[in-house]
Amino acid sequence: MLRRRLLLLVFTFPLFLLPAQEEQPGTGAAGDFPVFALLEAADSGGGGTWQPDWPPDFPPDAFRLPEGQRASITVALGETQYRMDRNAAGALFPFLLDGKLVQVRAAYSGVSRISEAALEGASLKLEVLEYEDDKPSLVRVFRDDVYSFVLLRRRGAFVSESWYDEEGRALCFYEYRLSAGPDALITSTKRRSTDGDIVTLRHYDSRYLVTGINGPEGDFSVQYYRQDLPRYWERKPPVETSETRETGETAQAEPEKQFHYSLQWDEAGLLVRISGTAGDSGELVDSRYEYTLDERGNWIERREYRMDRNFGLLAASGGATVTRVLEYRDKE
């Protein structure tokens, strides 16, 4: 009954007018997010490509292996683990949700046809209820003990995503613009709601690697050295205010420092140094790295040594340790 009601809304009102409806607005408590972007990541198995808006402590080469090698990769940063893997049954990959990297478990039905996904650490699940041209068209989302329904429609270089509550009332609307060519990458995302419009832009180079992301979460850019190795990396997060759901009080959020980093790689493709400045004060940052390699020459542990400046001298101090578990899948 609910699906019929949602489909009736779609055919009765043009999708681009849905956010403007003021009669019986939804509660807005469903915790919407770009579902189409998540589905695209699941469709490609997560891709495994590092993004410049990912957290600064996440290794840019965490899921990188030499060409021709395939493996399930589990990365551990302290107690937190992320895994990248894909097979005929599903995919595991990290996804940036509300500024935080979370682990996704996606299940497929048939050939690369996603049927459901769960985001660990976010208490979020989604289920694909209907397909159009073998692509998801109706998705049910369960988050924060609330069900929402998402309608997806593809028209040329645009994809529309309409969110509804359980009563069929419009919550918000997303519009995606895709690049030309067979890859059809997301170049812009616009979220429309009663709070106004929010736009995020994504830029790519000729190899389809992300070179810039500009949106409400900040401005992030990267230049690549060779292959897919980042050479210069800038993060410019905004100074934001946060409103708690419990009290509704607005408080100044703890701002993340802006930084400008240079990344140095050796001939084997191992990251050996990150240096640059952080914060408005121009605070100098200098980290060096050492590795433990497995029998195939791939790193399974990376140890950070921070170079602190005291009395005009540099002194090394221990930093973060990152480990990887590689489960190889040799070609048959």
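See the structure above.
Just so you know, these numbers come straight off a predicted model, no measurement behind them.

Trainee: For this particular structure, what's the right way to read the overall build of the protein chain?
Mentor: When helices and strands are tallied, the protein chain shows two helices and 22 strands. Evaluated residue by residue, the protein chain yields a buried proportion of 39% over its 332 residues. Relative to all contacts within the protein chain whose residues are 6 or more apart in sequence, the contacts with residues 24 or more apart total 37%. Counting only carbon and sulfur atoms, one obtains 48% of the accessible surface of the protein chain, whose full area is about 18,500 Å².

Trainee: Is there a simple way to think about the pattern of salt bridges in this case?
Mentor: Where charged atoms from two side chains of opposite charge approach closely, those side chains can pair. Following the criterion strictly, the structure yields 17 salt bridges and no others. Notably, a salt bridge pairs aspartate 134 with arginine 113, separated by 3.0 Å at the nearest N-O pair. Of this pair, aspartate 134 sits in the loop between strand E6 (124-132) and strand E7 (135-143) while arginine 113 is found in the loop between strand E4 (100-108) and strand E5 (114-120), placing the two residues 21 residues apart along the sequence. Look at aspartate 134 and you get partly exposed, because its relative accessible area is 48%. Among the residues examined, arginine 113 registers a relative accessible area of 28% and is labelled partly exposed. Here the residues in one salt-bridge network are Arg83, Asp85 and Arg329, joined through shared partners.

Trainee: How do you make sense of the packing of aromatic side chains when you look at a structure like this?
Mentor: The way to describe two aromatic rings as a pair is by their centre distance and the angle between their planes. Evaluated as defined, the whole model comprises twelve aromatic pairs. Note on phenylalanine 36 and tyrosine 176: the rings are 5.0 Å apart at their centroids and 50° apart in plane angle, and the pair reads as tilted. Of the two residues, phenylalanine 36 sits in helix H2 (residues 35-43) while tyrosine 176 sits in strand E10 (residues 170-178), which places them 140 residues apart along the sequence. Assessed through its relative accessible area of 0%, tyrosine 176 is described here as buried. Seen in terms of ring centroids, phenylalanine 142 and tyrosine 147 are 4.6 Å apart; in terms of plane orientation they differ by 45°. Their pairing is tilted. Take tyrosine 147: its relative accessible area is 35%, and that puts it in the partly exposed class. Each member of the aromatic cluster is reached from another via a ring pair, and the members are Trp50, Trp233, Phe259 and Tyr261. Positioned above the aromatic ring of tyrosine 131, the side-chain terminus of arginine 113 is 3.6 Å from the ring centre. For arginine 296, the ring lying beneath its charged end belongs to tyrosine 328, and the centroid distance is 4.0 Å.

Trainee: What is the right way to look at the pairing of E7 in this model?
Mentor: As a general feature of sheets, a regular strand has side chains that alternate between the two faces. Pairing between E6 and E7: eight bridges, direction antiparallel. Among the inter-strand pairings, glutamate 130 is bridged to a residue of E7, identified as leucine 138. Joining the antiparallel neighbours E6 and E7 is a turn of two residues, in which aspartate 133 adopts a positive phi near 55°. With six bridges joining them, E7 and strand E8 (residues 146-155) adopt antiparallel strand pairing. Within E8, the position partnered with arginine 143 by the bridge is valine 146. The loop that links E7 with its antiparallel partner E8 comprises two residues; one of these, aspartate 144, has a positive phi angle of about 55°.

Trainee: How should I be thinking about the nonpolar core in this particular structure?
Mentor: The tendency in soluble globular proteins is for nonpolar side chains to be buried side by side. In this structure, Phe33, Phe58, Phe93, Leu119, Val139, Val141 and Trp163 are the most contacted members of the largest nonpolar core, which totals 66 residues. Looking at this core, the element that brings in the most residues is H2, giving six residues.

Trainee: Could you clarify how one ought to interpret the environment of glutamate 120 in this entry?
Mentor: Assignment of secondary structure puts glutamate 120 in strand E5. For glutamate 120, a relative accessible area of 37% puts it in the partly exposed group. Residue contacts for glutamate 120: discarding those within four places in its chain leaves Val102, Gln103 and Arg105.

Trainee: Is there a simple way to think about unusual backbone geometry in this case?
Mentor: Trans is the common state for peptide bonds, and a negative phi is the common state for residues other than glycine. Backbone geometry at aspartate 133 places phi at a positive 55°, although glycine is not the residue there. With relative accessibility at 73%, the residue aspartate 133 sits in the exposed group. A positive phi is found at aspartate 144, a non-glycine position, where the angle reads about 55°. Relative to the assigned elements, aspartate 144 resides in the loop between E7 and E8.

Trainee: Please clarify how the environment of phenylalanine 142 should be interpreted in this entry.
Mentor: Mapped onto the secondary structure, phenylalanine 142 falls in strand E7. Along the sequence, phenylalanine 142 and glutamate 127 sit 15 residues apart, while their C-alpha atoms lie 8.6 Å from each other.

Trainee: Explain the pairing of strand E20 (residues 283-293) to me, please; I cannot follow it from the model alone.
Mentor: Sheet topology note: the strand E19 (residues 271-278)/E20 ladder contains six bridges and is antiparallel. In the strand pairing of E20, alanine 278 is matched with glutamate 283. Taking the residues between adjacent antiparallel strands as the criterion, E19 and E20 are bridged by four residues, where glycine 279 takes a positive phi near 80°.

Rules behind the numbers
Residues numbered from 1 in each chain as written. Predicted model: local features only at pLDDT ≥ 70, side-chain atom pairs only at ≥ 80, totals over all residues. Heavy atoms only, no water. Helix = DSSP H or I, 4+ residues; strand = E, 2+ residues; numbered from the N terminus. Buried < 20%, exposed > 50% of the residue type's maximum accessible area, 1.4 Å probe, protein only. Contact = heavy atoms within 4.5 Å. Areas by Shrake-Rupley, 256 points an atom, 1.4 Å probe, with all protein chains shown as cover. Salt bridge = Lys/Arg side-chain N within 4 Å of Asp/Glu carboxyl O. Phe/Tyr/Trp six-rings, centres within 6.5 Å; stacked < 30°, edge-to-face > 60°. Lys NZ or Arg CZ within 6 Å of the ring centre and 35° of its normal. Pairing = 2+ DSSP bridges. Core = buried A, V, L, I, M, F, W, Y, C linked by side-chain atoms within 4.5 Å.

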